[in-house]
Protein chains: 4
Amino acid sequence: MAPKKGLLQRLDEGPVIVRQLHREFLRAGSDVMQAFTFYASDDKLSNRGNESSKKYTCRGINDAACRLAREVAEEGDGLVAGGLSQTPTYLSGLGKENTQKEFKKQVDVFVENKVDFLIVEYFEHVEEIEWAIEVSVKTGMPVVASMCIGPKGDLHGVPAGECAVRMAKAGAHVVGINCHFDPFMTLEGLRLMKAALDAAGVKVHLIAQPLALHTPDAHKQGFIDLPEFPFGLEPRICTRWDMHKYAREAYDLGVRYIGGCCGFEAYHIRAVAEELATERGRKPKASEKHDMWAGGLKMHTKPWVRARASKEYWQSLKPSSGRPFCSSMSQPDKWGVTAGDSTLKQKTAITTDEEIAELAKPRRVMNGK
Amino acid sequence: MAPKKGLLQRLDEGPVIVRQLHREFLRAGSDVMQAFTFYASDDKLSNRGNESSKKYTCRGINDAACRLAREVAEEGDGLVAGGLSQTPTYLSGLGKENTQKEFKKQVDVFVENKVDFLIVEYFEHVEEIEWAIEVSVKTGMPVVASMCIGPKGDLHGVPAGECAVRMAKAGAHVVGINCHFDPFMTLEGLRLMKAALDAAGVKVHLIAQPLALHTPDAHKQGFIDLPEFPFGLEPRICTRWDMHKYAREAYDLGVRYIGGCCGFEAYHIRAVAEELATERGRKPKASEKHDMWAGGLKMHTKPWVRARASKEYWQSLKPSSGRPFCSSMSQPDKWGVTAGDSTLKQKTAITTDEEIAELAKPRRVMNGK
Amino acid sequence: MAPKKGLLQRLDEGPVIVRQLHREFLRAGSDVMQAFTFYASDDKLSNRGNESSKKYTCRGINDAACRLAREVAEEGDGLVAGGLSQTPTYLSGLGKENTQKEFKKQVDVFVENKVDFLIVEYFEHVEEIEWAIEVSVKTGMPVVASMCIGPKGDLHGVPAGECAVRMAKAGAHVVGINCHFDPFMTLEGLRLMKAALDAAGVKVHLIAQPLALHTPDAHKQGFIDLPEFPFGLEPRICTRWDMHKYAREAYDLGVRYIGGCCGFEAYHIRAVAEELATERGRKPKASEKHDMWAGGLKMHTKPWVRARASKEYWQSLKPSSGRPFCSSMSQPDKWGVTAGDSTLKQKTAITTDEEIAELAKPRRVMNGK
Amino acid sequence: MAPKKGLLQRLDEGPVIVRQLHREFLRAGSDVMQAFTFYASDDKLSNRGNESSKKYTCRGINDAACRLAREVAEEGDGLVAGGLSQTPTYLSGLGKENTQKEFKKQVDVFVENKVDFLIVEYFEHVEEIEWAIEVSVKTGMPVVASMCIGPKGDLHGVPAGECAVRMAKAGAHVVGINCHFDPFMTLEGLRLMKAALDAAGVKVHLIAQPLALHTPDAHKQGFIDLPEFPFGLEPRICTRWDMHKYAREAYDLGVRYIGGCCGFEAYHIRAVAEELATERGRKPKASEKHDMWAGGLKMHTKPWVRARASKEYWQSLKPSSGRPFCSSMSQPDKWGVTAGDSTLKQKTAITTDEEIAELAKPRRVMNGK
């Protein structure tokens, strides 16, 4: 299981909080400390007014991230992974050589830091992930590759099954899906991947790192397109019981790298680890002061709350939103814009307020119809 | 503003994590570090199979909590508050003398630790909070008192307005409501309190510390009675935009102690502090790397996400749950059981599985109807 | 029980269809054929571009309606009632004398037609219904009076209980509530009426004629203010099981004139009559080829549909809307405009498109916030 | 456009009401009076305790239905169609010869009555409809064939496209889909049919006769499997605006027989006819006293209701259910049982209460999980 990649809701910063976040996931049962290297490529750091490039370099961030992950991993029995993800260079249509140069800079730091393996993830285009895998396998390290796609495939329209086979043929040892969709849509995509891999006679392991958010209404680019992204997603957050279900279904499907992406808190990973306690031969450290299946409620003051201290109760609960003025599904704003589209191209200046007003127009028209 | 009281979703433990949690709220804009002393009375520690009493005493826990809060408060300009809450002794009908003995033990530790003021909160019965205020005011420290009641009043049926007047007359300097209901129902209750205080000519300040959860379907004992309590509440979690709205309405109503209770994460408090930045004369530390009203989205790759970088967008968003098989409101399980009821009485043994099965029966019958 | 007043969904016209509609309700169990005289006063017929006044008079419409109702009533054991309702004259602030003149014109026709009793209903202001009752009682016929108010009272703010007492004191033999709110909100209002009548020592019977629509989100002027009114109300339509529940609760509360208003189809009235079959000593004619509580499903081809042939199944069903992009509650557009307000005044010209555009503006602003 | 087939909500009976129902649809714009011959085959009349066979024969019912339809058709410019549908004989696995015998008996009556064409509809298995078409084409009359399938195909798993081609090759002049799914899922299926017909180079017209109910949560056997079927479907009823949208999309797809099935009221068909008024060169008779796009609201008393007198308003409305305790989607009970399954076989005795209790068990288990 891999740690959560986002830090959105933690307001402190610096080494202390990064370590603490790794530690919480380690205690929750994570086997892997994934270094916080997401989108930390030089081209991304200088995109659209991001001022980070003035203070930080790809090298500096990736190096610090690897060291912090290793420190915490050594507190337990954790592995450290360095991660690559998609680049503005590719989206801008600047070609294979330029794109791989960006990957190489990150990979070099991972090699120097002797991470245990590489994660190549959050790619919307199978072509780009093939290029990233190509760079990664040259290190001789194990390579885990996953795309942020749903059951329908990548943004160029390549089906999920074909993506899986291409990732495996490019050299990845573990292939699968991360981000963009909820646990159950992710498993739907993995089912297609598994079938295609079996049909092609390719033997690799599978990885699932879904959102901890319900997204039945998401299409091509997943939760990015939902109107709630990224600051109104709370009502979609999965419960721990959703995670028990996800872990069991993933395991039964044959997935052996079972983790999480945006929205995962440590308690979600703990639920995954608890569901699979028998299979893993142990409970996570964080389960020590915590009874499985809400057993702790046996101590609650109110008798009707004590009555909820059962697996049956929580498994069958359909939780309400408390929001009667909100619908249960949303209409995605837009989807399907692929690499090379002018609106996706690298641009150093930040978007102006005038441009924002212009961008917001189509939505108003659409909603008016 | 006060820090969150719960630690439910943090899986680490010990002094490091307690300090870190205080620190996040301090950075988010909290003026008060409320020591983690909730329900840390000796009678509670030995109730219904809670084994804490074997390792920990009221004195030990409260003392450690005060010291940790003070350490972090000194990193900024924070105040430290010690807190009292309702007791099994009262619920068991053991009378004023016994109940006040429990309060006294906690208050003594607060005095020794020289906290800046006392919070007397989470009381369901106005009679018990009067007893707690009585013990607290003897210390000479400022006393903030709040009940976990909705607009309808306390569990004995005493209206919210009357509760406010009684708390004030018992000596509290700030009175109000905490926990059990969402921000907007809490403000509804405070409106009644304000009217009653004005009518009675009593001058005190007001405090609001609501849930960060939507609970329009909750009745007397609030979210405790909702079937989702406490492990399926995710879809009810407030967004930061809900908190902007709450902070503004609370301020306009005249509330000057604006905080939060269960469900509040640091980013919720940051939203409160940002909404009131002008009134407070400063933004919170945690706003440094963060643009107000989703301004940071101007840097997002996808143009339709950049279009969401506006106050208007997020203020009018009605976020979907992504859960089409769940309803928006729930039927509370039960409510209105008051002090003295046999099912609420102190009991050292944990509830057995047989007793749980027995307790679960009425629900099945009710649902079958 | 009274017949439905609206003909919205029947597209044929003329005596044949009016007779047929009465007949369906008679077969469904209605004891009363309420003549189709709603809003058929001369001032209403010439309001806001209504061209009916060029072809039809109050006298002509009311006379034809009484005769058709009587024809069908004589096919069974039905009673015939003539009905008065609120007037543009009152809303325009033209005073008691003018308003009563309008009532008198309708009442005269009812007297000539020897209807069995009078229904004075759909009044939003207690003052106006008092004037209508005053005119009605002079005929010597029994007078049934009901207002379209919710538990909060009439548009002038007079509480429901006081309205009941005033209607009774004005001479009505049966008092209650019709239209504007759903069956359960209507019964809530009737509970208040009953309490006030008891307290005042006034002995009259009660009438309930609610909508067959769920309106928990409606305020002062009820479903009129909901954005779905009047052409998007389908998802709110009550099931026959809602009507069983309504009939039982109304009966238990002591209501003895149990009918329905907008949205009631004959099958809803049949459900009311079937629920009370024992109390009434008979089933409605329309139950002859129909088994109670979905018993007919025992003949269904699919076994899982046969499994639904039970009272328990339908009583506990919470029917889904099949509309995941819609919320369960709406924000009313506006409410509380009372008699005399300039926007309510009589006006012979139809509203122009420009005026409509102007009227639509506030909504757009409100939704934008 | 075809009339509604169900009479569920009309409580009167006999020739008068049958004629009246035809008449309402004629006025609403229907070109076709479809005789009420649904399921009126001898085997169906004696299935599972249906006592109709003691009083009525296939011959008697079909003959009366044809005559009544013709009477009303002659009041306007209507066509008369006789209809065949699937048989218990086929579901019981009794083979082609026996099944066609049942069809032949109905077809003979249609020929004698000189109906204008035949509708072969409501078939869940393409094999059976081929047999029905075979019998029908022998009459020399035009044959319209439609199956109750969704985009996924028939119950044997034959895709929608293949079903269309097979119906056309069996001799049908118009092919398509009726019942079981909502308008938009039906059009999704028709898109697949059109593509397959084009690919196969087969030239036939298309027919759509969907439900007037929203069923996004329905699978194989459509709304039959939804827990709300058939007595709790109200919240799913389409608005007239849904029908405008449906009519336009159907027309744009090239569908030229645009009608409706269960749930369609005359006003739904009127909306279809009004949307296509230009294409058809006329408005329906029933539009005479009715303004398009809610124009009649310009005469409403309340100004905020007058503001709703616009096409834009109703096109963008997302109507609420007023049911906050209900979800927006349901879990279908079961689906996919096909011809020959023992639970579907013909059986003259009615299901007993014991058998119902037995059938209801799996649901309770399922819900408990």
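The shown structure was predicted, so the numbers you read here are calculated from the model rather than taken from an experiment.

Cut-offs and rules
- Residues numbered from 1 in each chain as written.
- Chains lettered and ligands numbered in written order.
- Predicted model: local features only at pLDDT ≥ 70, side-chain atom pairs only at ≥ 80, totals over all residues.
- Heavy atoms only, no water.
- Helix = DSSP H or I, 4+ residues; strand = E, 2+ residues; numbered from the N terminus.
- Rg over C-alpha atoms; globule rule 2.2 N^0.38 Å.
- Buried < 20%, exposed > 50% of the residue type's maximum accessible area, 1.4 Å probe, protein only.
- Areas by Shrake-Rupley, 256 points an atom, 1.4 Å probe, with all protein chains shown as cover.
- Disulfide = S-S within 2.5 Å.
- Least-squares fit on C-alpha atoms with pLDDT ≥ 70 in both.
- Contact = heavy atoms within 4.5 Å.
- Salt bridge = Lys/Arg side-chain N within 4 Å of Asp/Glu carboxyl O.
- Nonpolar A, V, L, I, M, F, W, Y, C, P; charged D, E, K, R; others polar.
- Pairing = 2+ DSSP bridges.
- Axes fitted to C-alpha atoms, helices over the stretch in contact; angles between N-to-C directions.
- Phe/Tyr/Trp six-rings, centres within 6.5 Å; stacked < 30°, edge-to-face > 60°.
- Lys NZ or Arg CZ within 6 Å of the ring centre and 35° of its normal.
- Buried area = accessible area lost by both parts, 1.4 Å probe.
- UniProt positions renumbered as here; feature names shortened; annotations may be inferred.
- pLDDT = per-residue confidence, 0-100.
- Expected span 1.5 Å × (residues − 1).

Draft legend 1. Focus on the overall build of chain A. Along chain A, the regular secondary structure elements total 15 helices and seven strands. Computed over the C-alpha atoms, the radius of gyration of chain A is 21 Å, within 12% of the 21 Å expected from 2.2 N^0.38 for a compact globule of 369 residues. Seen through its C-alpha atoms, chain A measures out along the principal axes to roughly 65 × 55 × 50 Å. Expressed as a percentage of its 369 residues, the buried residues of chain A come to 62%. In the form shown here, chain A has an accessible surface area of approximately 13,600 Å², with 54% of it arising from carbon and sulfur atoms.

Draft legend 2. Examining the state of the cysteines more closely. Applying the stated rule across the entire model yields zero disulfides over all chains. In this model cysteine 238 of chain A remains outside any disulfide bridge; the closest cysteine sulfur is found in cysteine 326 of chain B, 11 Å from its own.

Draft legend 3. Fine view of the relation of the copies chain D and chain C. Take chain D, turn it by 180 degrees, move it 0.0 Å along the axis, and it overlays chain C with an RMSD of 0.0 Å. In symmetry terms, the pair is related by a two-fold rotation axis. Residue proline 235 of chain D of chain D places its C-alpha closer to the rotation axis than any other residue of that unit, at 1.9 Å. Both copies contact each other with a shared surface, as 100% of the interface residues of chain D are interface residues in chain C too.

Draft legend 4. Molecular detail of the interface of chain B and chain A. Facing the 88 residues of chain B at the interface are 88 residues of chain A. One can count eight salt bridges joining chain B with chain A. Measuring nitrogen to oxygen at the nearest pair gives 2.6 Å for the salt bridge that ties aspartate 353 of chain A to lysine 298 of chain B. Among the secondary structure elements, those contributing two or more residues to the side of chain B that touches chain A are α1 (14–28), α10 (240–253), α11 (266–275), α13 (303–306), α14 (311–316) and α15 (353–368) of chain B. When grouped by side-chain class, the residues that make up the side of chain B that touches chain A number 41 nonpolar, 18 polar and 29 charged.

Draft legend 5. Structural detail: the sheet that holds strand β6 (residues 205–209) of chain A. Residues and elements named next belong to chain A. Read across the open sheet, the seven strands follow the order β1-β2-β3-β4-β5-β6-β7; overall the sheet is parallel. Two strands in the sheet have a free side with no partner beyond their single neighbour: β1 (32–34) and β7 (257–258). Where strand β3 (residues 117–120) meets strand β4 (residues 143–147), three bridges bridge the pair, whose relative direction is parallel. Counterpart to leucine 118 in the pairing with β4 is valine 143. Those strands touched by helix α6 (residues 95–112) are β2 (79–84) and β3, and its axis lies near 170 degrees from that of β2.

Draft legend 6. Broad picture of the packing of aromatic side chains. Per the stated rule, a full pass over the model turns up 48 aromatic pairs over all chains. Judged by centre distance (6.0 Å) and plane angle (80 degrees), the rings of tyrosine 39 of chain D and tyrosine 122 of chain D are edge-to-face. Residue tyrosine 39 of chain D is found in the loop between β1 (32–34) and α2 (42–45), and its partner tyrosine 122 of chain D is found in strand β3 (residues 117–123); the two are separated by 83 residues along the sequence. An aromatic cluster of at least three residues, connected via ring pairs, comprises Phe231 of chain A together with Trp241, Trp293, Tyr313 and Trp314 of chain B. Over the ring of tyrosine 39 of chain A we find lysine 44 of chain A, and its NZ or CZ is 4.0 Å from the ring centre.

Draft legend 7. Looking closely at the interface of chain D and chain C. Between chain D and chain C, the residue contacts involve 88 residues of the former and 88 residues of the latter. Together chain D and chain C conceal approximately 8,400 Å² of surface at their shared face, both sides included; 56% is due to carbon and sulfur atoms. The tally of links between chain D and chain C comes to eight salt bridges. Its salt-bridge partner being arginine 323 of chain D, residue aspartate 242 of chain C comes within 3.7 Å of it at the nearest N-O pair. Elements with a contribution of two residues or more to the side of chain D that touches chain C: α1 (15–28), α10 (240–253), α11 (266–275), α13 (303–306), α14 (311–316) and α15 (353–368) of chain D.

Draft legend 8. Summary view of the pairing of strand β2 (residues 79–84) of chain C. Residues and elements named next belong to chain C. A large share of β2 lies buried, amounting to five of its six residues. Of the pairings in the sheet, the one linking β2 to strand β3 (residues 117–123) comprises four bridges and is parallel in character. Considered in β3, the bridge of leucine 84 is made with valine 120.

Draft legend 9. Highlighting the UniProt feature "binding site: Zn(2+)" (unreviewed entry) in chain A. Residue and element names in this part refer to chain A. Mapped onto this structure's residue numbering, the UniProt feature "binding site: Zn(2+)" (unreviewed entry) falls at Cys179, Cys261 and Cys262. Look at the named residues: they lie 84 residues apart in sequence, but the longest C-alpha span between them is just 6.5 Å, so in the fold they bunch up. With respect to the element layout, cysteine 179 can be found in the loop between β5 (174–178) and α9 (183–200). Among the residues examined, cysteine 179 registers a relative accessible area of 2% and is labelled buried. Contacts of cysteine 179, omitting those with residues within four sequence positions, involve Tyr122, Cys148, Gln209, Pro210, Leu211, Phe223, Cys261 and Cys262.

Draft legend 10. Up close: the confidence of the model for chain A. Residue and element names in this part refer to chain A. Averaged over every residue, the pLDDT of chain A is 91; residues scoring 70 or more account for 94%. Taken as a whole, residues 1–10 scores under 50 in pLDDT and shows 46 contacts with residues more than four places along the chain or in a different chain. Segment residues 364–369 is flagged for pLDDT under 50; beyond a separation of four residues in sequence, or across chains, it makes eight contacts in the model. Across the whole predicted complex the pTM is 0.93, and at the interface the ipTM reaches 0.93.

Draft legend 11. Region of the structure containing the relation of the copies chain B and chain A. Note on the identical chains: chain B maps onto chain A by a rotation of 180 degrees and an axial translation of 0.0 Å, with an RMSD of 0.0 Å. With an isologous cut-off of 70% or more, the 100% of interface residues of chain B that recur at the interface of chain A puts this contact in the isologous class.

Draft legend 12. Region of the structure containing helix α7 (residues 126–137) of chain C. Between its first and last C-alpha, α7 of chain C extends 16 Å over 12 residues, near the 16 Å set by a 1.5 Å rise per residue. Next to the buried residues of α7 of chain C lie β2, α5 (88–91), α6 (95–112), β3, β4 (143–147) and α8 (160–169) of chain C.

Draft legend 13. Representation of the pattern of salt bridges in the model. If you walk through the whole model with that rule in mind, you get 93 salt bridges over all chains. The closest approach of N and O atoms between glutamate 130 of chain B and arginine 166 of chain B, which form a salt bridge, is 2.8 Å. On the criterion of sequence distance, the pair formed by glutamate 130 of chain B in helix α7 (residues 126–137) and arginine 166 of chain B in helix α8 (residues 160–169) is long-range, its members being 36 residues apart. The partner of aspartate 217 of chain C in a salt bridge is arginine 236 of chain C, and the shortest N-O contact between them spans 2.9 Å. Taken together, the positions of aspartate 217 of chain C in the loop between β6 (205–209) and α10 (240–253) and arginine 236 of chain C in the loop between β6 and α10 put the pair 19 residues apart, joining distant regions of the chain. Pair check on accessibility: aspartate 217 of chain C and arginine 236 of chain C agree, each one buried. Each of Asp31, Arg280 and Arg282 of chain A takes part in one network of salt bridges that share partners.

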